[in-house]
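Fold and geometry: a report
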Amino acid sequence: MRMAIKSSTLTALSILSLEAFAAQCESAGPQTPRDIDSVKGDNKRVFSLAPPKEELNLCNIHFHKNAEHKAKDFSIASNDPKYGGFQCNATTSLSAAELAPVEGKVCNNVKPGDTIEVHWVHSSCDVKPGPTLGACLNDSCANPDLRVETQVFLVVNDKNAQDFTKLDYQGQVNGYHQAGALPTNTGTPVEFLGSTTGPSYNNQQCSPLQVSWSVRPSCAKVDINSLARWCEDNAFDEDHAHGVRKLVTDPKLLSPIKQ
């Protein structure tokens, strides 16, 4: 027999369900991505910041279509229903030459004028660079310190812009696997505690992994031709821009950013 339920009861049940999901997500620890200009965070889970990238092994490089994080310099909300995220503010002031199309597909879904957010993932495990975040773990090191160095790029058709291949894995330095020199002219990186990202997570299904983030606050321009070369041959089997996780705004799911 079908039972009639009052709308007020349904509302109360919905609120309880949302609160249960929020509590479950809160226990997973601080989440990412976030607005890096907002320092507020009330999540109770605390862990130590990972060592600097020079003392960790680069284990993965990948990038997302549009910025997952938000900052003053990349704050234009994307109206793309598939990817979401944010675009660099300078998107609206690119020249015709910078927006000139290129032959063929680049990384399957990238074109001049797009914004991408690149993640250089580093691990305290004794690992070498490889595909997916699984390359950052191994059987004897299942709970490593993880650090993600992050740069948001505006993709342009300009060979004078950043050459992405120079940001690729370059071998070992002092015994640690390292990428090329990351941009130093895009502001002091904002450091905070968070999680892994990507479209498989949300405020009801949170990431349990603990990550130290280092996000540069300004966009840089990257040459789409160099990005195309990287997608054709890299150690990470990366050939496309990934989707984004929706911005996390609930203070209970965020760590405080120390100023």
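For every chain, the first residue of its written sequence is number 1, and the numbers climb from 1 along that sequence. With the structure being a predicted model, the display of local features is reserved for residues of pLDDT at least 70 and the display and counting of side-chain atom pairs for 80 or more, all residues being used for whole-chain, interface and lining totals. Computation of side-chain values: all heavy atoms of the structure, hydrogens and water removed.

**Section: the overall build of the chain**
Note the following rule: Each helix is a run of H or I in the DSSP string that is no shorter than four residues. Each strand is a run of E no shorter than two, and both are numbered from the N terminus. Burial classes follow relative accessibility: with a 1.4 Å probe on protein chains only, a residue under 20% of its type's maximum area counts as buried, one over 50% as exposed, and anything between as partly exposed. Note on definitions: a residue-residue contact is assigned when non-hydrogen atoms from the two residues lie within 4.5 Å. What sets the accessible areas is the Shrake-Rupley method with a 1.4 Å probe; for residues, cover comes only from the shown protein chains. This count recognises Lys and Arg as positive and Asp and Glu as negative, with His and chain-terminal groups excluded. Every charge is mapped to an atom, namely NZ of Lys, CZ of Arg, CG of Asp or CD of Glu.
If you tally the helices and strands in the chain, you get 2 helices and 10 strands. Walking the chain from its N terminus toward its C terminus, one meets helices and strands in the order α-β-β-β-β-β-β-β-β-β-β-α. Across its three principal axes, the chain shows a C-alpha extent of roughly 65 × 45 × 40 Å. Classification of the 259 residues of the chain by burial places 48% in the buried group. Residue pairs in contact within the chain that sit at least 24 positions apart in sequence constitute 78% of those at least 6 positions apart. Summed over all atoms, the accessible surface of the chain reaches about 13300 Å², with 51% contributed by carbon and sulfur. With 24 positive and 29 negative side-chain charges, the chain shows a separation of 8 Å between the mean positions of the two kinds.

**Let's talk about the state of the cysteines**
So the rule is basically this: In plain terms, two cysteine sulfur atoms within 2.5 Å form what is called a disulfide here.
As enumerated under the stated definition, the model contains 5 disulfides in all. Between the sulfur of Cys-25 and that of Cys-206 lies a disulfide, 1.5 Å long from S to S. Its torsion about the S-S bond being 75 degrees, the disulfide of Cys-25 and Cys-206 is classed as right-handed. Placement of the pair is Cys-25 in helix H1 (residues 7-27) and Cys-206 in the loop between strand S8 (190-194) and strand S9 (211-215), with a sequence separation of 181 residues. Disulfide pairing is shown between Cys-88 and Cys-219; the S-S distance is 2.2 Å. Between Cys-88 and Cys-219 the disulfide shows an S-S torsion of about -100 degrees. By sign, it is left-handed. Taken together, the residues Cys-88 in the loop between strand S3 (86-87) and strand S4 (115-123) and Cys-219 in the loop between S9 and strand S10 (220-223) connect sequence positions 131 residues apart. Take Cys-88 and Cys-219: they sit in the same class, and that class is buried.

**Some words on the confidence of the model for the chain**
Note the cut-off: Every residue is assigned a pLDDT by the predictor, reflecting its confidence on a scale from 0 to 100.
Of the residues in the chain, 91% have a pLDDT of 70 or more, and the chain-wide mean is 91. Counted against residues more than four places away or in other chains, residues 1-21, with its pLDDT under 50, gives 3 contacts.

**A few points about helix H2 (residues 224-232)**
Every buried residue belonging to H2 is among Ile-224, Ser-226, Leu-227, Ala-228, Trp-230 and Cys-231, and all of these are buried. Buried positions along H2 lie against strand S1 (57-65), S4, strand S5 (146-156) and S10.

**Structural notes on the pattern of salt bridges**
Short version of the rule: Salt bridge, as used here, is a side-chain nitrogen of Lys or Arg placed within 4 Å of a carboxyl oxygen of Asp or Glu.
Summed over all chains, the structure comprises 9 salt bridges. Residue Lys-72 is joined to Asp-37 by a salt bridge in which the shortest nitrogen-to-oxygen separation is 3.7 Å. A residue pair is termed long-range when its members are at least 10 positions apart, and Lys-72 in the loop between S1 and strand S2 (76-77) and Asp-37 in the loop between H1 and S1 qualify at 35 residues. For Asp-37, a relative accessible area of 36% corresponds to the partly exposed category. Among the salt bridges present, the one from Asp-42 reaches Lys-40, with a minimum N-O distance of 3.5 Å. Residue Asp-42 is classed as partly exposed on the basis of its relative accessible area of 32%. One network of salt bridges, with partners in common, ties together Lys-65, Lys-111 and Asp-114.

**Let's talk about the nonpolar core**
The tendency in soluble globular proteins is for nonpolar side chains to be buried side by side. Our working rule: Definition of nonpolar core: a set of buried residues of the types Ala, Val, Leu, Ile, Met, Phe, Trp, Tyr and Cys, connected through side-chain atoms within 4.5 Å.
Ranked by size, the top nonpolar core spans 27 residues in total, and within it Ile-36, Phe-74, Val-152, Phe-192 and Trp-213 carry the most contacts. When sequence neighbours within four positions are dropped, the list of residues in contact with Val-152 reads Ala-67, Phe-74, Cys-88, Thr-115, Ile-116, Glu-117, Ser-218, Cys-219 and Ala-220. Leu-167, Val-222, Ala-228 and Cys-231 belong to the second largest nonpolar core, which has 24 residues in total.

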